[in-house]
Amino acid sequence: MNLSPRKKLFVDTATEMFGEGAILTNMQVKEASAKAGVPKAGWFKKACKIGYNQFKLPSENSPAAAPAAAIAPSENVVMNLVATNMEKQDLVPSPFEGFVPWGNYGNLKKIIKSGMFYPVFVTGLSGNGKTLMIEQLHAELKKELIRINITIETDEDDLLGGFRLVAGETKFVPGPVIEAMERGCTLLLDECDLGSNKLLALQPVLEGKGVFLKKINKWITPKDGFNVMATANTKGKGSEDGRFIGTNILNEAFLERFAITMEQPYAAAAVEKKIVIGSMAKYGEVDEKFAENLVTWAEVIRKTFYDGGVDEVISTRRLDHIVKAFAIFGDKMEAIEMCVARFDEDTKESFLDLYTKIDAGIVTGANEEEAYSEDAVPTDDEPAF
């Protein structure tokens, strides 16, 4: 290789430092230049580049410098532009103790077992088990599920992926949508109606055709078994009554790509009682009469809510909170009071009053005060200490 004295000095110095034919990084080139006492070797980086931040020292016996494109990098030194950190994770949801299958469970199971790409939109009031139903269905079938919680800030970068700093290198990290497509698992867009028009990046995905990643010029084809499910409190038309603030009107073309919409109501009383008893068993405090009273109480409130009599509702999730509080504190009324304290004062008092009418034998705070005052008043025969 014909080199000028200055260039030869750099190559000899770098060879002495790192070995003949070594592959150097920018930092190593800088170190070798400094030790040789020559300016930074721009000629070397231009002529001997073999990859990102990689430059191969010419061998002493080489007759001429090979152009950069002719130097074939070995497989173990080529920097892959795409990175992933999910290859070894098990994404099958864990079984939920006390779960009771009901409602749309059977139909969703048929869709998943079919293996067909068939996007589903599940809508219903908060706390009635939409997300849990989908998770537990996948737990039963031992099928992987990737859940994304959608917000107004969710964009293409969050969904499809973007460039991240990985081990000191800038790499494209595939987003959860791409992971789901490549693994052939189900993608769950949770709280979908909180999203913006940036969700339109999913249009080709919702057609089952795959998607082209513009940032790395790569086409991703979904693996067999891939599907998309979405949950929302509305049908993508916004919340007129303001109960679900932050929900948005979703693009009609986006909604049209979901083959079917399943409406999820609250469970019937008999089913909900099983759910509540299952929660009690999980928390180690089973009281069937209490479970029955809670379900009756919630059902009356819901009927009043649907008739426009109250602005709040007791969800199945709220009943689970009450059961858990009962297991912790050991007092039924205290558990209910703590779990309805989130409502305004008038609503809270009306809910508590209703429960005392359903469960006439329950001891309330007022009962306790009355009982205490009666016990505390001394009789004529006992001294007042």
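Residues numbered from 1 in each chain as written. Predicted model: local features only at pLDDT ≥ 70, side-chain atom pairs only at ≥ 80, totals over all residues. Heavy atoms only, no water.

Gaps left between atoms show up when a probe the size of a water molecule is rolled over them. Approximately 610 Å³ is the volume attributed to the largest pocket. Every residue lining the largest pocket is counted, 31 residues in all, and those nearest its centre are Gly127, Asn128, Gly129, Leu132 and Arg317. If one sorts the elements of the lining of the largest pocket by residue count, helix 10 (residues 269-283) sits on top with 6 residues. In terms of residue class, the lining of the largest pocket is made up of 11 nonpolar, 12 polar and 8 charged. Estimated volume of the second largest pocket: approximately 290 Å³. Ser126, Arg243, Val313, Ser315 and Arg342 are the residues nearest the centre of the second largest pocket, which is lined by 15 residues in total. When its residues are assigned to classes, the lining of the second largest pocket shows 6 nonpolar, 4 polar and 5 charged. (1 Å grid on protein atoms, 1.4 Å probe; cavity = no way out; pocket = protein on both sides within 12 Å on 5 of 7 lines; lining within 4 Å. Points joined across faces, edges and corners; volume = space filled by probe spheres on them. Helix = DSSP H or I, 4+ residues; strand = E, 2+ residues; numbered from the N terminus. Nonpolar A, V, L, I, M, F, W, Y, C, P; charged D, E, K, R; others polar.)

A few words on the packing of aromatic side chains. Taken as a whole and judged by the stated rule, the model has 15 aromatic pairs. A ring pair is formed by phenylalanine 121 and phenylalanine 258, whose centres lie 5.4 Å apart and whose planes are at 75°; its orientation type is edge-to-face. With phenylalanine 121 in strand 4 (residues 120-123) and phenylalanine 258 in the loop between helix 9 (252-256) and strand 12 (260-263), the pair connects residues that are 137 residues apart, well separated along the chain. With respect to class, phenylalanine 121 is no different from phenylalanine 258; both count as buried. Relative to phenylalanine 258, the ring of phenylalanine 254 has its centre 5.5 Å away and its plane inclined at 75°; by these criteria the two rings are edge-to-face. Judged on exposure class, the residue phenylalanine 254 and its partner phenylalanine 258 are both buried. Through successive ring pairs, a cluster of aromatic residues spans Phe290, Trp297, Phe326, Phe343, Phe351 and Tyr355. One Lys or Arg, arginine 243, reaches over the ring of phenylalanine 244 and ends 5.7 Å from the middle of that ring. (Phe/Tyr/Trp six-rings, centres within 6.5 Å; stacked < 30°, edge-to-face > 60°. Buried < 20%, exposed > 50% of the residue type's maximum accessible area, 1.4 Å probe, protein only. Lys NZ or Arg CZ within 6 Å of the ring centre and 35° of its normal.)

Counted by the stated rule, this structure contains 17 salt bridges. The partner of arginine 147 in a salt bridge is glutamate 135, with the nearest N and O atoms 3.0 Å apart. Taken together, the positions of arginine 147 in strand 5 (residues 145-149) and glutamate 135 in helix 5 (residues 130-141) put the pair 12 residues apart, joining distant regions of the chain. Between glutamate 252 and lysine 237 there is a salt bridge, and its shortest N-O distance comes to 2.7 Å. Taken together, the residues glutamate 252 in helix 9 and lysine 237 in the loop between strand 11 (227-232) and helix 9 connect sequence positions 15 residues apart. Each of the salt bridges in this network shares a partner with another, and the network as a whole consists of Glu135, Arg147 and Asp190. (Salt bridge = Lys/Arg side-chain N within 4 Å of Asp/Glu carboxyl O.)

This next bit is on the sheet that holds strand 11. Strand order in the open sheet formed by 5 strands is 5-8-11-4-12, with parallel pairing between adjacent strands. Each edge of the open sheet carries a strand with a single partner, namely strand 5 and strand 12. Geometrically, the sheet is characterised by an average inter-axis angle of 20° between neighbouring strands, direction not taken into account. As judged from the 4 bridges shared by strand 4 and strand 11, these two strands associate in the parallel manner. For phenylalanine 121, the partnering residue across the bridge sits in strand 11 and is alanine 230. Packed onto the sheet, helix 7 (residues 176-183) meets strand 5 and strand 8 (186-190) and runs at close to 165° relative to strand 5. (Pairing = 2+ DSSP bridges. Axes fitted to C-alpha atoms, helices over the stretch in contact; angles between N-to-C directions. Contact = heavy atoms within 4.5 Å.)

Taken N-terminus to C-terminus, the directions of helix 11 (residues 288-306) and helix 13 (residues 332-340) make an angle of 35°; their axes are 12 Å apart at the nearest point. For the pair helix 11 and helix 13, the crossing hand works out as right-handed. When helix 11 is examined against helix 13, the residues Phe290, Leu294 and Trp297 are found in contact with a partner set consisting of Lys332, Ile336 and Val340. Here the residues of the contact of helix 11 with helix 13 are counted per class, giving 5 nonpolar, no polar and 1 charged. (Left-handed = near helix turned anticlockwise from the far one by under 90°.)

This brings us to the side chain of glutamine 203. Mapped onto the elements, glutamine 203 comes out in helix 8 (residues 203-206). The class for glutamine 203 is buried, based on a relative accessible area of 12%. Here glutamine 203 is in contact with Ala253, Phe254 and Arg257, once residues within four sequence places are set aside.

Ordered in space as 1-3-2, the 3 strands form an open sheet in which the pairing is antiparallel. Single-partner strands in this sheet number two, and they are strand 1 (23-24) and strand 2 (49-51). Strand direction decides the pairing type here: strand 1 and strand 3 (residues 54-56), joined by 2 bridges, are antiparallel. Looking at the pairing, leucine 24 lines up with phenylalanine 55 of strand 3.

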